[in-house]
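Each chain, written out:
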Amino acid sequence: VQLQASGGGLVQAGGSLTLSCAASGRTFDRSAVGWFRQAPEKEREFVSAISWSGGSTGYANSVEGRFTISRVTAKNTVYLQMTSLKPEDTAVYYCAVAKYISTTYYSTASMYDLWGQGTQVTVSS
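### Here's the deal with the sheet that holds strand β1 (residues 2-6)
For step 1, the next point in the chain: Read from one edge to the other, the open sheet built from four strands follows the order β1-β3-β8-β7, with strand pairing classed as antiparallel. Either end of the sheet is taken by a strand with one partner, and the two such strands are β1 and β7 (67-72). Averaged over all pairs of adjacent strands, the angle between their axes in this sheet comes to 15 degrees, without regard to strand direction.
For step 2, the next point in the chain: Bridge count between β1 and strand β3 (residues 17-24): five bridges; the pairing is antiparallel. Across the sheet, residue Q4 finds its bridge partner in β3, namely A22.

Okay, structure coming up:
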């Protein structure tokens, strides 16, 4: 069972990237999926999450209006579309699957038990 996060890269401020989180060996169609990020010398922080149905989504204040999370159950993949990127968005981005089957999503890292390896996003000024 693995989560594969991809899509990171180097982009100029104001640019866009779309991250993907794909699960192999396990489906997460009954669990929430979240994105978190960690910048150098900073704590891991919540970015966005989506419920298993896709009907509920949540965003950190810092990305609200710029990032959009979505999921395609048939592809067992969750996406994070990031626009109007800022240098402060620079971090390693991780996707994670929630511990419990639920109709909601979670913004707390401790509620997730399966993590991907992370993908680096670097935004230059």
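### With respect to the environment of T68
For step 1, the next point in the chain: Relative to the helices and strands, T68 is located in strand β7.
For step 2, the next point in the chain: Classification of T68 as partly exposed rests on a relative accessible area of 40%.
For step 3, the next point in the chain: Once the C-alpha coordinates of T68 and A49 are considered, the two residues, 19 residues apart in sequence, prove to be 9.6 Å apart.

### Quick word on the pairing of strand β5 (residues 45-50)
For step 1, the next point in the chain: When you tally the buried positions in β5, you get five out of six residues, the bulk of the element.
For step 2, the next point in the chain: Summarising the sheet, strand β4 (residues 31-38) and β5 pair through five bridges and their orientation is antiparallel. Residue pairing for β5: W35 is matched across the bridge by S48.
For step 3, the next point in the chain: Hairpin connection of β4 to β5: six residues between the antiparallel strands, including E41 at a positive phi of 65 degrees.
For step 4, the next point in the chain: Bridge count between β5 and strand β6 (residues 57-59): three bridges; the pairing is antiparallel. When the bridges of β6 are listed, I50 appears paired with T57.
For step 5, the next point in the chain: Hairpin remark: β5 followed by β6, antiparallel, with six residues in the connecting loop; positive phi at G54, about 85 degrees.

### Observations concerning the pattern of salt bridges
For step 1, the next point in the chain: Following the criterion strictly, the structure yields three salt bridges and no others.
For step 2, the next point in the chain: We note a salt bridge from E45 to R37, for which the minimum N-O separation is 2.6 Å.
For step 3, the next point in the chain: With relative accessibility at 36%, the residue E45 sits in the partly exposed group.
For step 4, the next point in the chain: Residue R37 is classed as buried on the basis of its relative accessible area, which comes to 5%.
For step 5, the next point in the chain: Here R37 and D89 are joined by a salt bridge, their closest N and O atoms 2.9 Å apart. Placement of R37 in strand β4 and of D89 in the loop between β8 (77-82) and β9 (91-101) is noted, with a sequence separation of 52 residues between them. Here R37 matches D89 in class, with each residue buried.

Parameters and conventions
Residues numbered from 1 in each chain as written. Predicted model: local features only at pLDDT ≥ 70, side-chain atom pairs only at ≥ 80, totals over all residues. Heavy atoms only, no water. Pairing = 2+ DSSP bridges. Helix = DSSP H or I, 4+ residues; strand = E, 2+ residues; numbered from the N terminus. Axes fitted to C-alpha atoms, helices over the stretch in contact; angles between N-to-C directions. Buried < 20%, exposed > 50% of the residue type's maximum accessible area, 1.4 Å probe, protein only. Salt bridge = Lys/Arg side-chain N within 4 Å of Asp/Glu carboxyl O.

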